[in-house]
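Residue strings, one per chain:
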Amino acid sequence: MERILRSLLIRIIAFVKSSFFLLRPGSYLGFLASPLLFIGNSLKLSRWISEQRKKNLAYDDFFRFTRNYEARFKLHEFVADSEKLVEDKIYYMEFGVAGGDSFSWWLKKNKNPQSRFFGFDTFEGLPEDWGIFKKGEMAPDQLEFQDKRYRLLRGLFQNTLPGFIKTEKLEEGVRKIIHLDADLFSSTLFTLTSLAGCLNKGDILIFDEFCVPNHEFFALSIFEESYNFKYETLGAINNYLQVALKVI
Ligand SMILES: C[S@@+](CC[C@H](N)C(=O)[O-])C[C@H]1O[C@@H](n2cnc3c(N)ncnc32)[C@H](O)[C@@H]1O
């Protein structure tokens, strides 16, 4: 009896699905796809934030009425100091360098002459629209730092990162600080999935625009589910706009 019911249910579902596609609702209701995704992701994000809050993170300024974008460096400072990343040799990898504010912050913060700093960016601005920001915005002027330890990789991550992973000999045991500041879902997901094979226990991920439901948060959610990625949250600032995670 159960088998008959189950097979009937499968047929009904298949019929409803096929009829749905036959009616082509995407042609006239397609505009709802993004807002509905936004609602779903906002609910997931709010659940994620409540879960973190229950853990009483060592660094968390929730709730504040206004955002102070510059305060993101307090979170970076907390991570650098509490994880002992000031004197140790590190690999700092930044995805989305633009004018180099956070890149130069880490160059100054870490004192180890053996550390290496890799900055990935088109340096021609965003490759797609992101909210009110249009493709091509955020392109920096000439960029140069007074430090010999860095290298900038110019171009789409999709073009520069695969070759970098193949050729760059990153020593095991040296911690990677991966700063995800590309804002976009596509760029963040690409970066996370590309780096999946190189992530080691203790590596740090810092997100700069985390609580944007359809972008960095969404990319992390998909990555976490698909790669069984395990992490602990180190801290958050600006009501979870910036978040730091540690690979466990
Ligand atoms: C918000 S800005 C980075 C800000 C910077 N970290 C700072 O502290 O000032 C985002 C940058 O990500 C870059 N970006 C986004 N997606 C990219 C991709 N797929 N490939 C290369 N660069 C990308 C854009 O060019 C842009 O410069």
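Predicted, not measured: the structure shown is a model, and the values here were computed from it.

Reading the values: the criteria
- Residues numbered from 1 in each chain as written.
- Predicted model: local features only at pLDDT ≥ 70, side-chain atom pairs only at ≥ 80, totals over all residues.
- Helix = DSSP H or I, 4+ residues; strand = E, 2+ residues; numbered from the N terminus.
- Buried ≥ 20, exposed ≤ 12 C-beta atoms within 10 Å, placed from the backbone.
- Contact = placed C-beta atoms within 7 Å.
- Arc of directions from axis to C-beta.
- Pairing = 2+ DSSP bridges.
- Near = placed C-beta within 6 Å.
- Nonpolar A, V, L, I, M, F, W, Y, C, P; charged D, E, K, R; others polar.
- Axes fitted to C-alpha atoms, helices over the stretch in contact; angles between N-to-C directions.
- Domains from an automatic or database assignment.

### A word on the overall build of the chain
In step 1: Looking only at helices and strands, one finds eight helices and eight strands in the chain.
In step 2: The principal-axis extent of the C-alpha atoms belonging to the chain is close to 70 × 40 × 40 Å.
In step 3: In the chain, which comprises 248 residues, the proportion classed as buried is 31%.
In step 4: In the chain, of all internal contacts separated by at least 6 residues, the share reaching a separation of at least 24 is 74%.

### Quick look at helix H4 (residues 72-82)
In step 1: Within the span of H4, buried status applies to Arg72, Leu75, His76, Val79 and Ala80. Summarising the axial view, the buried residues of H4 lie within an arc of 130 degrees, below the 170-degree limit, and thus occupy one face.
In step 2: Looking at the residues trailing H4, positive phi occurs at Lys84, about 55 degrees.

### Description of the pairing of strand S8 (residues 242-247)
Within a regular beta strand, the side chains point alternately toward one face of the sheet and then the other, so they alternate between its two faces.
In step 1: By the bridge criterion, four bridges tie strand S6 (residues 204-207) to S8 in an arrangement that is antiparallel. Each bridged residue has a counterpart across the sheet, and for Ile204 the counterpart in S8 is Lys246.
In step 2: In terms of strand pairing, strand S7 (residues 231-237) meets S8 through six bridges, oriented antiparallel. By the bridge assignment, Thr233 is partnered in S8 with Leu245.
In step 3: Count of turn residues in the S7/S8 antiparallel hairpin: four residues, of which Asn238 carries a positive phi of about 60 degrees.

### Focus: the site of the ligand
In step 1: Inspection of the region around the ligand gives 21 residues, with Gly96, Ala98, Ser102, Ala182 and Ser187 positioned closest.
In step 2: The residue makeup of the shell around the ligand, split by class, is ten nonpolar, seven polar and four charged.

### Looking at the sheet that holds S6
In step 1: Pairing is mixed across the open sheet formed by eight strands, whose spatial order is S1-S7-S8-S6-S5-S2-S3-S4. Either end of the sheet is taken by a strand with one partner, and the two such strands are strand S1 (59-60) and strand S4 (150-154).
In step 2: Lying over the sheet, H4 contacts S1, S6, S7 and S8, oriented at roughly 140 degrees with respect to S7.
In step 3: The strands touched by helix H6 (residues 157-167) within the sheet are strand S2 (90-95), strand S3 (116-121) and S4, with S3 carrying the most contacts at an inclination of about 150 degrees.

### Remarks on the domain arrangement of the chain
In step 1: Parsing the chain into structural domains produces domain 1 (2-37) and domain 2 (55-247).
In step 2: Between the C-alpha centres of domain 1 and domain 2 there is a distance of 39 Å.

### A closer look at helix H7 (residues 185-195)
In step 1: Looking only at H7, the buried set comprises Phe185, Ser187, Thr188, Leu189, Thr191, Leu192 and Leu195.
In step 2: Considering only its buried residues, H7 is in contact with S2, H6, strand S5 (175-180) and helix H8 (216-227).

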